[in-house]
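# Structure assessment
Spelled out, the chains give:
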Amino acid sequence: LVAGGSVRRDALIEFPLKDFPRVPRFVVKDLAWPHELIVVVGVFLSTLGAALQSLTGAPRVLAALGKDDLVPILRHFAPSGDGAPRKAILFCASLSMGLVMVGDLNAVAPFITLWYLTC
């Protein structure tokens, strides 16, 4: 609300949302102090942090499902004797690399959405 209230009305009307792909609308970047690059770096680091959290969290969730025997098929991904979910990490890494090799985010997005909805 504070950022939206600090932008002139004509700045928002000048480039309507229907022109978005051709005319970028980074209002917050224009408001950033002391430099607009701070917003770009912040968005990049936030995205990187979320990706790393997913890469470390997903194998642990898969291993916990296997350990608790909630889904019998996932029993194979239960952690080994030392507690490290090696099989789940290898599976998630293989799945991630395979989805990256698809090269089309629109083809991958439904699977990612389903994965987050089940966890």
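Here we summarise the structure given alongside this text. Values in this document were obtained by computation on a predicted structure and should not be read as measured data. (Residues numbered from 1 in each chain as written. Predicted model: local features only at pLDDT ≥ 70, side-chain atom pairs only at ≥ 80, totals over all residues. Heavy atoms only, no water.)

Applying the stated criterion across every chain, the model contains one aromatic pair. Relative to Phe91, the ring of Phe77 lies with its centre 5.0 Å away and its plane at 45°, an arrangement referred to as tilted. Highlighted residues: Phe77 in the loop between helix 4 (37-68) and helix 5 (86-102) and Phe91 in helix 5, separated in sequence by 14 residues. (Phe/Tyr/Trp six-rings, centres within 6.5 Å; stacked < 30°, edge-to-face > 60°. Helix = DSSP H or I, 4+ residues; strand = E, 2+ residues; numbered from the N terminus.)

A few words now on the nonpolar core. Ranked by size, the top nonpolar core spans seven residues in total: Ala58, Leu62, Ala63, Leu74, Phe77, Ala88 and Cys92. Put simply, the parts of the chain that give this core at least two residues each are helix 4 and helix 5. Examining the composition of this core, we find that three residues originate from one element, helix 4, more than from any other. Other than its neighbours up to four places away in sequence, Phe77 contacts Leu62, Ala63, Lys87, Ala88 and Phe91. (Core = buried A, V, L, I, M, F, W, Y, C linked by side-chain atoms within 4.5 Å. Buried < 20%, exposed > 50% of the residue type's maximum accessible area, 1.4 Å probe, protein only. Contact = heavy atoms within 4.5 Å.)

This next bit is on helix 4. Along its 32 residues, helix 4 runs 46 Å from first to last C-alpha, staying within 8% of the 46 Å computed at 1.5 Å per residue. Burial in helix 4 covers these residues: Ala58, Pro59, Leu62, Ala63 and Gly66. Just past helix 4, the residue Asp69 takes up positive phi, approximately 60°. (Expected span 1.5 Å × (residues − 1).)

Attention shifts here to helix 5. Over its 17 residues, helix 5 runs 25 Å from end to end, which matches the ideal 24 Å to within 8%, given 1.5 Å per residue. Note on helix 5: the residue one or two positions beyond its end, Gly103, has a positive phi of about 80°.

Moving on, we come to the pattern of salt bridges. Scanning all chains against the criterion turns up two salt bridges. With a shortest N-O distance of 2.9 Å, Arg75 and Asp69 are connected by a salt bridge. Residue classification places Arg75 among the partly exposed residues on the basis of a relative accessible area of 47%. By relative accessible area, which is 38% here, Asp69 ends up partly exposed. Among the salt bridges present, the one from Asp82 reaches Arg86, with a minimum N-O distance of 3.0 Å. Overall, the relative accessible area of 53% leaves Asp82 in the exposed class. (Salt bridge = Lys/Arg side-chain N within 4 Å of Asp/Glu carboxyl O.)

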